[in-house]
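Examining the three-dimensional arrangement
Here is what each chain is made of, one letter per residue.
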Amino acid sequence: MKFSENWLRELVPVDADHDTLVARLTMSGLEVESVEPVGERIEDIVVAQILHCEPHPDADRLRVCEVDAGDGRLQIVCGAPNARAGLKAPLARVGSTLPGGLTIGSTRLRGVESNGMLCSSKELGISEEATGLMELPADTPVGARLTDVLHLPDARIELKLTPNRADCLGLRGLAFDVAAQFGSIAIEPPAPTIPPLLHDALQIRLQAGADCPRYCGRVIRRVDPTAPSPLWLTERLRRCGLRPVSAVVDVTSLVMLELGQPLHAFDRDTLEGEITVRRAGDRESLKLLDERTVELDREFLVIADDRAAVALAGVMGGYDTRVTDATRDVFLEAAHFSPAVVAGRARRLGMHTDAAHRFERGVDPELPRRAIERATELLLAITGGEPGPVTEAVLEDALPGRAPVALRRQRLARVLGLAVPDAEVERILGALGMQVESTADGWSVTPPSRRFDIGIEEDLIEEVVRVHGYEAVPTHAPSGELPLPVVTETRVSTDALRAQAAARGYSEALNYAFLAPELLRTWGLDEGAVALANPLSAEMAVMRTALLPGLVESLRRNLARQHTRVRLFELGHSFRMGSAGPEESQRIAAVAVGAAEPEQWSRAARGIDYFDIKGDLQSLIALTGQPQAFTFEPAADVAWLHPGRSARVLRAGEAIGWIGELHPRLVAALDLLAGPVAFEVDVGALAGRAVARAGRISRYPSVRRDLSLVVAETVAWADMAASLRAALGERLTDIAVFDRYTGPGLESGCKSLAIGLILQDVSRTLTDADADAAVATAVAALQREHGARLRG
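So, here is what we can say about the structure in this document. (Residues numbered from 1 in each chain as written. Predicted model: local features only at pLDDT ≥ 70, side-chain atom pairs only at ≥ 80, totals over all residues. Heavy atoms only, no water.)

Of the regular secondary structure elements, the protein chain holds 21 helices and 38 strands. A compact globule built from 792 residues would reach a C-alpha radius of gyration of about 28 Å, whereas the protein chain, at 39 Å, exceeds it by more than 25%. Expressed along its principal axes, the backbone C-alpha trace of the protein chain runs to roughly 125 × 80 × 60 Å. The 792 residues of the protein chain split such that 48% are buried. Expressed as a percentage of contacts within the protein chain between residues at least 6 apart in sequence, the contacts between residues at least 24 apart total 69%. Accessible surface, the protein chain: about 38,700 Å² in total, of which carbon and sulfur atoms supply 50%. The centroid of the 87 positive side-chain charges in the protein chain is displaced by 5 Å from the centroid of its 110 negative side-chain charges. (Helix = DSSP H or I, 4+ residues; strand = E, 2+ residues; numbered from the N terminus. Rg over C-alpha atoms; globule rule 2.2 N^0.38 Å. Buried < 20%, exposed > 50% of the residue type's maximum accessible area, 1.4 Å probe, protein only. Contact = heavy atoms within 4.5 Å. Areas by Shrake-Rupley, 256 points an atom, 1.4 Å probe, with all protein chains shown as cover. Lys, Arg positive; Asp, Glu negative; His and termini not counted. Charge placed at Lys NZ, Arg CZ, Asp CG, Glu CD.)

Next comes the structure, spelled out in structure tokens:
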């Protein structure tokens with residue numbers, strides 16, 4: 001929301017200087033995002049009139065002008081394309097300094113003397129756009145100071161409004177807020193009732209119920225389409241960040257800025273029959289003012305005549321019914337549209353308009369008639385014309401009401417930690433336009449129709465404290481005992497998972513839970529994706545079904561910034577549409593690419609592989625105290641994983657996630673130079689922890705026996721280890737695999753594994769006979785269950 005400081009001060013007189021005003025706005029919750037001075041250091045600029053304008057004898061693009069500066073005549077060489085006899089424009093005399101630091105001197109341009117400079121609005125720091133000299137009205141007095149003519153200096157202030165403060169999207173609402181802060185009284189913009197001079201009117205039908213419970217319209221005949229907007233009007237629009245277009249459009253823009261109520265003007269002669277507010281039909285098309293033709297559906301609200309839709313309600317008018325330079329009769333509309341029926345509609349079409357920005361946040365339902373009358377007053381003064389009566393259609397039962405809200409005195413003091421005097425509370429709420437009635441324990445407060453954000457007691461407490469001043473709230477140290485959290489040994493906390501991942505060299509990433517549908521389709525994870533009804537953008541249109549797509553995008557951005565060794569993890573929620581609605585699950589995912597270890601001198605560098613990240617996952621699994629409950633099995637059916645370098649992660653036989661290298665096709669589609677390794681598992685499966693139990697520690701030495709076995713390549717080591725533990729029982733304390741071989745000397749499809757069996761007993765020293773018996777048992781079990789045999 002951009003506005004002119006001078007315009008605001010016209011609506012609410014305050015004695016505060018510029019810096020104080022800006023500071024108070026921010027401290028009251030209306031954050032000032034930027035301040036741009038307008039018309040600073042132009043006190044020496046005066047109004048001049050070009051008396052004669054002749055081409056330069058030696059330059060095609062220059063003109064020699066004789067200028068009346070009010071106290072004499074000057075010769076000035078000018079290159080502006082709109083320089084002409086009779087034009088009044090700003091003049092910088094010799095010795096004047098412009099806002100950019102340029103000091104005007106007497107000079108010769110291509111041999112012709114020039115004593116001063118005729119200025120554009122850009123050169124004076126008034127506007128960013130300049131196609132020539134700034135043209136001033138013909139009745140502007142020659143020799144007058146430009147600052148007096150344009151009411152300068154001024155400041156263009158931009159507020160970063162939160163969505164709940166739609167009332168401040170108009171100067172009228174903002175004036176009430178400023179008046180409350182400075183103890184002043186807001187001056188209501190004029191709202192005369194313009195009597196009709198003719199009976200021409202369009203009938204209005206409301207067919208959308210609560211989507212549009214109020215619609216006002218007025219026909220104005222015989223306007224002058226060539227009438228220029230007055231200087232005061234165009235300057236107000238420019239200082240509020242809008243570009244003047246034509247008198248009719250400029251008036252509607254000014255009323256929107258002043259009151260906060262968007263309006264639209266139709267060419268009356270292009271409308272046929274009655275005006276109807278209705279839902280769009282399926283696949284109904286409409287050509288908008290920006291010359292785009294859009295296809296609509298039942299979720300859009302339109303304004304239609306007897307032939308077709310003529311405007312997209314609350315967003316933009318139609319192209320075929322627009323006001324042009326040939327328009328003689330106009331139809332003004334102002335309506336109240338429900339925020340729910342406008343929210344997100346412009347974004348769906350890739351648009352953002354001032355009207356949609358206001359309607360989707362909530363516009364005062366009592367403003368339409370007032371806005372029509374104000375716009376009529378301005379149009380008649382600028383373009384002439386004859387107004388018809390204001391036609392209003394209203395569904396009283398569907399209009400939003402403002403119910404009284406109770407504010408308790410004790411509750412106010414308890415929340416704020418200070419007692420605000422009753423008189424101050426009533427002053428603040430009253431200055432904000434609320435109706436305040438005293439009750440036994442406080443007040444009953446009815447908010448004005450423009451305040452959609454006041455609904456509960458806490459809203460009123462916030463209003464009181466932000467106007468009274470946050471700096472008045474006392475600072476107290478906390479008192480009382482803090483409850484200690486209950487820590488259980490049976491759960492692994494998410495903090496513990498984060499700490500372990502960080503200890504393994506991973507950095508935590510925090511990504512949005514929204515993704516582009518195309519990204520999920522690229523991964524093959526779009527099944528069951530939950531679409532957002534009102535997405536922030538097309539790139540955030542669905543909820544993520546897994547963490548890895550967003551996490552790999554973060555990895556891509558890091559690689560693009562010359563980070564060659566990246567380790568990222570994320571702990572968050574994924575979403576999927578289930579039979580009973582959206583389902584949410586907490587997951588932890590990690591992705592890594594680059595060297596397995598940081599750059600060093602002691603050993604050769606190698607790239608990270610499946611077994612490295614498996615070790616990282618197993619370090620998280622170890623926190624559960626039940627590593628034997630987790631197993632890994634090949635995952636050749638997971639489309640986005642490399643079929644030979646990936647696995648499905650299971651706990652007690654139930655799948656809880658995946659681990660492995662990304663599929664080469666996916667790596668190419670994501671434009672990655674190397675295939676990252678990654679895993680993603682359910683946090684719930686890692687949350688359960690076995691309670692540690694004390695056990696006997698053997699006093700006797702262990703015995704190691706090494707075996708070299710030949711087994712089919714398809715046999716998994718995890719299955720062999722399970723067989724060994726089942727066969728040898730508690731005497732087997734550990735198993736080590738220290739060699740794996742395939743190649744010459746072995747049959748095709750076989751591998752050789754060298755393993756070490758660590759045997760120990762808690763009651764006695766094991767003998768060679770015990771060890772030999774254990775080896776025989778192990779070999780027999782492996783041969784019986786997996787077809788293994790001793791090598792050689």
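Once you've had a look at it, read on.
Under the criterion given, the structure shown has 65 salt bridges. Between Arg603 and Glu597 there is a salt bridge, with its nearest N and O atoms 3.2 Å apart. Taking relative accessible area as the criterion, Arg603 reaches 53% and is therefore assigned exposed. Among the residues examined, Glu597 registers a relative accessible area of 33% and is labelled partly exposed. Each of Arg165, Asp167, Asp177, Arg451, Asp453, Glu463 and Arg466 takes part in one network of salt bridges that share partners. (Salt bridge = Lys/Arg side-chain N within 4 Å of Asp/Glu carboxyl O.)

In this section: the packing of helix H2 (residues 18-27) against helix H4 (residues 171-182). Where H2 contacts H4, the axes come no closer than 11 Å and their chain directions differ by 100 degrees. It follows that H2 is roughly perpendicular to H4 by the angle criterion. Every residue of H4 that contacts H2 at Thr20, Leu21, Arg24 and Leu25 is listed here: Leu174, Val178, Gln181 and Phe182. Of the residues belonging to the contact of H2 with H4, the class tally is five nonpolar, two polar and one charged. (Axes fitted to C-alpha atoms, helices over the stretch in contact; angles between N-to-C directions. Parallel < 35°, antiparallel > 145°, perpendicular 65-115°, else oblique. Nonpolar A, V, L, I, M, F, W, Y, C, P; charged D, E, K, R; others polar.)

Bringing the nonpolar core into the picture now. Ranked by internal contacts, the top residues of the largest apolar core, which has 52 residues, are Phe3, Leu8, Leu25, Leu159 and Leu174. Top element by residues in this core is helix H6 (residues 247-259). It accounts for seven residues. When residues no more than four places from it in sequence are discounted, the contact partners of Leu25 are Phe3, Leu30, Glu31, Val32, Leu159, Leu174, Val178 and Gln181. If you look at the next biggest cluster of nonpolar residues, it comprises 40 residues, including Ile275, Val277, Met351 and Phe359. (Core = buried A, V, L, I, M, F, W, Y, C linked by side-chain atoms within 4.5 Å.)

With respect to the helices and strands, the residue Ala605 is situated in the loop between strand S30 (581-593) and helix H17 (610-621). Along the backbone, Ala605 and Ala423 are 182 residues apart, and their C-alpha atoms lie at a distance of 76 Å.

Further remarks concern unusual backbone geometry. Note that the residue after Leu152, namely Pro153, is joined by a cis bond; omega there is 5 degrees. Positive phi, close to 55 degrees, is recorded for His151, a residue that is not glycine. By secondary structure assignment, the location of His151 is in the loop between helix H3 (146-150) and strand S10 (154-160).

Sheet strands associate in pairs through backbone hydrogen bonding, adopting either a parallel or an antiparallel arrangement. Judged by pairing direction, the sheet is antiparallel, and its three strands sit side by side in the order S1-S10-S2 without closing on themselves. Because the sheet does not close on itself, it has two edges, and the strands there are strand S1 (2-4) and strand S2 (31-38). With strand direction ignored, the average angle separating the axes of adjacent strands in the sheet is 25 degrees. (Pairing = 2+ DSSP bridges.)

Another point: the packing of helix H20 (residues 717-728) against helix H21 (residues 768-786). Between H20 and H21, the least distance of the axes is 9 Å, while the angle of their chain directions is 135 degrees. If you check the angle between H20 and H21, you find them oblique. Here H20 runs over H21; the crossing is right-handed. Residue-level inspection shows Asp719, Met720, Ser723, Leu724, Ala727 and Leu728 of H20 in contact with H21, the latter providing Ala774, Thr777, Ala778, Ala781, Leu782, Glu785 and His786. (Left-handed = near helix turned anticlockwise from the far one by under 90°.)

It is worth spelling out helix H5 (residues 231-239) at this point. Among the nine residues in H5, seven count as buried, and that is most of the element. Immediately downstream of H5, the backbone of Gly241 shows phi near 85 degrees, a positive value.

Below, the discussion takes up the packing of aromatic side chains. Overall, the coordinates contain six aromatic pairs when judged by the stated rule. Aromatic pair Trp523 and Trp640: ring centres 5.5 Å apart, planes at 55 degrees, arrangement tilted. Here Trp523 is found in helix H15 (residues 517-523), whereas its partner Trp640 is found in the loop between strand S31 (630-634) and strand S32 (641-651), with 117 residues between them in sequence. Overall, Trp523 belongs to the buried group, its relative accessible area being 2%. Both rings, one in Trp640 and one in Trp658, keep their centres 5.2 Å apart while their planes meet at 80 degrees; by these two values the pair is edge-to-face. With a gap of 18 residues between them, Trp640 in the loop between S31 and S32 and Trp658 in strand S33 (residues 654-662) connect regions that are remote in the sequence. The exposure class of Trp640 is buried, given its relative accessible area of 5%. Assessed through its relative accessible area of 21%, Trp658 is described here as partly exposed. Every member of this aromatic cluster is reached through a ring pair, and the members are Trp523, Trp640 and Trp658. A cation over a ring is seen here: Lys287 above Tyr319, with NZ or CZ 4.2 Å from the ring centre. Its guanidinium or amino end placed over the ring of Phe176, Arg450 lies 4.1 Å from that ring's centre, counting from NZ or CZ. (Phe/Tyr/Trp six-rings, centres within 6.5 Å; stacked < 30°, edge-to-face > 60°. Lys NZ or Arg CZ within 6 Å of the ring centre and 35° of its normal.)

Let's shift gears to the side chain of Arg218. You can see Arg218 is positioned in strand S12 (residues 214-221). Of the polar contacts made by the side chain of Arg218, one reaches the side chain of Glu373; its length is 3.1 Å. Excluding its chain neighbours within four sequence positions, the residues that come into contact with Arg218 are Ile194, Pro196, Val330, Phe331, Leu332, Ile372, Glu373, Thr376, Pro387, Gly388, Pro389 and Val390. (Polar contact = N/O pair within 3.5 Å; in protein donor to acceptor, adjacent residues only side chain to side chain.)

Within the secondary structure, Leu242 is located in the loop between H5 and H6. In this structure the C-alpha to C-alpha distance between Leu242 and Ser253, which are eleven residues apart in sequence, comes to 8.2 Å.

Below, the discussion takes up the side chain of Thr545. For Thr545, the location among the structural elements is in the loop between strand S28 (542-543) and helix H16 (548-559). A relative accessible area of 6% means that Thr545 is categorised as buried. A distance of 2.6 Å separates a polar atom in the side chain of Thr545 from the backbone oxygen of Leu525. Ignoring any residue separated from it by four or fewer positions in sequence, one finds Thr545 in contact with Leu520, Leu525, Glu527, Gly528, Ala529, Ser574, Phe575 and Arg576.

Compared with an ideal rise of 1.5 Å per residue, which puts 16 residues at 22 Å, helix H10 (residues 368-383) spans 22 Å between its outermost C-alpha atoms and is within 8% of the ideal. Among the 16 residues that make up H10, twelve are buried, leaving the element largely enclosed by the rest of the structure. Buried within H10 are the following residues: Pro368, Arg370, Ala371, Ile372, Glu373, Arg374, Ala375, Thr376, Leu378, Leu379, Ile382 and Thr383. Along its buried surface, H10 packs onto H4, S12, H5, H6, strand S20 (330-336) and strand S21 (386-387). (Expected span 1.5 Å × (residues − 1).)

Right, let's get into the sheet that holds S30. If you walk across this open sheet you meet the seven strands as S26-S29-S30-S34-S33-S32-S31, and the pairing is mixed. Strands at the two margins of the open sheet, each flanked by one partner only, are strand S26 (507-508) and S31. Taken together, the seven bridges between S32 and S33 define a ladder with antiparallel strand orientation. In the strand pairing of S33, Ala647 is matched with Ile659. Lying over the sheet, H16 contacts strand S29 (566-578), S30, S33 and strand S34 (677-682), oriented at roughly 35 degrees with respect to S30. Relative to the sheet, H17 contacts S30, S31, S32, S33 and S34, its axis offset from that of S34 by approximately 25 degrees.

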